[in-house]
Amino acid sequence: MNDRSLMMASETTYPPLANPVAVVSRKFCMPYVVDLVIVRKLVAITEGRFLVTDVNGNVVFRVKGSFVSAHEHLVLNDAASNAVVSLQQKILTAHRRWQAYRGDSSSSGDLIFMAKKSSLMRTHGTELDVFLAANTREETCDFKVKGSWLERSCTIYAGNSTTVIAQMHKDHKAQSVVLGKDTFGITVYPNVDYALIVALVVILEEINEDAFVAKHSFACTHP
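So, how was this worked out
- Residues numbered from 1 in each chain as written.
- Predicted model: local features only at pLDDT ≥ 70, side-chain atom pairs only at ≥ 80, totals over all residues.
- Heavy atoms only, no water.
- 1 Å grid on protein atoms, 1.4 Å probe; cavity = no way out; pocket = protein on both sides within 12 Å on 5 of 7 lines; lining within 4 Å.
- Points joined across faces, edges and corners; volume = space filled by probe spheres on them.
- Helix = DSSP H or I, 4+ residues; strand = E, 2+ residues; numbered from the N terminus.
- Nonpolar A, V, L, I, M, F, W, Y, C, P; charged D, E, K, R; others polar.
- Phe/Tyr/Trp six-rings, centres within 6.5 Å; stacked < 30°, edge-to-face > 60°.
- Buried < 20%, exposed > 50% of the residue type's maximum accessible area, 1.4 Å probe, protein only.
- Lys NZ or Arg CZ within 6 Å of the ring centre and 35° of its normal.
- Polar contact = N/O pair within 3.5 Å; in protein donor to acceptor, adjacent residues only side chain to side chain.

S.K.: Tell me about empty space enclosed by the protein, residues and numbers included.
M.R.: Applying the stated rule across the entire model yields one cavity of 30 Å³ or more. Estimated volume of the largest cavity: approximately 40 Å³. Along the walls of the largest cavity sit Val145, Cys154, Thr155, Ile156, Gln167, Met168, Ile186, Ile197, Val201 and Leu204, which together make up its complete lining. Of all elements in the fold, only β10 (153–158), β11 (164–169) and α2 (194–221) reach the threshold of two or more residues within the lining of the largest cavity. Across the lining of the largest cavity, the residue classes break down as eight nonpolar, two polar and no charged.

If you want it as structure tokens, here you go:
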């Protein structure tokens, strides 16, 4: 997968942000729209829980997972199997907090950002607050995710502003490339770190999948 392949992914143009949103790495910021496809937990995929491709079917990332102590551990690997971001969930925290580290690290010095549910009382829709590592007071989020996970319709904003940096959607341009019932698309705006966006969508998927399973398990045991 190369820059030209990513550039060909989208026919839609958006004005690039004045200041690039480079969180994981500047190399993941492109001066054009990047359309990606995510396939989740298909039986045919044996090399990870998520497969991320461009709309031509070229592999961009694979996400592999495991449990380590009281943490769920996911690693976002690039097409060459190099670890890009390590995602760890603190299982026992109320807001289902996830932390993202560089590479396959779990060292506090390699912390990139933290994401958590905005409200424990929210029963409809999806809302996540994202804080960069330097934002230790967590008074104002650096990014926010809003929308409907069940509809696969979510928008990622810069902070609490109305500035959109990416969108998650069911309708994408690669439905014929990757077949599967749990396939959806991401549109990443120009000059936005697409590794960051993929990491946030993976966290969003995991938080909501856990909530969905817990809700239905409770319903089955308490008819």
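Read on for the rest.
S.K.: For the packing of aromatic side chains, give the residues involved together with the corresponding values.
M.R.: Two descriptors summarise a pair of aromatic rings, namely the distance from one centre to the other and the angle between the planes of the rings. For the structure shown, the criterion picks out three aromatic pairs. Taking the centre distance of 5.3 Å and the plane angle of 80° together, the rings of Phe28 and Tyr194 count as edge-to-face. Of this pair, Phe28 sits in the loop between α1 (3–7) and β1 (34–40) while Tyr194 is found in helix α2, placing the two residues 166 residues apart along the sequence. Pair check on accessibility: Phe28 and Tyr194 agree, each one buried. Three or more aromatic residues joined by ring pairs form one cluster here, namely Phe28, Phe61 and Tyr194. In this arrangement the basic side chain of Lys146 is found over the ring face of Tyr157, its NZ or CZ atom lying 5.8 Å from the centre.

S.K.: Please provide a residue-by-residue account of the environment of Arg97, values included.
M.R.: Assignment of secondary structure puts Arg97 in the loop between β5 (83–90) and β6 (98–102). Residue classification places Arg97 among the partly exposed positions, given a relative accessible area of 24%. Residues Arg97 and Asp129 lie 32 residues apart in sequence; the distance between their C-alpha atoms is 9.8 Å. Polar side-chain contacts of Arg97 include one of 2.9 Å to the side chain of Glu138.

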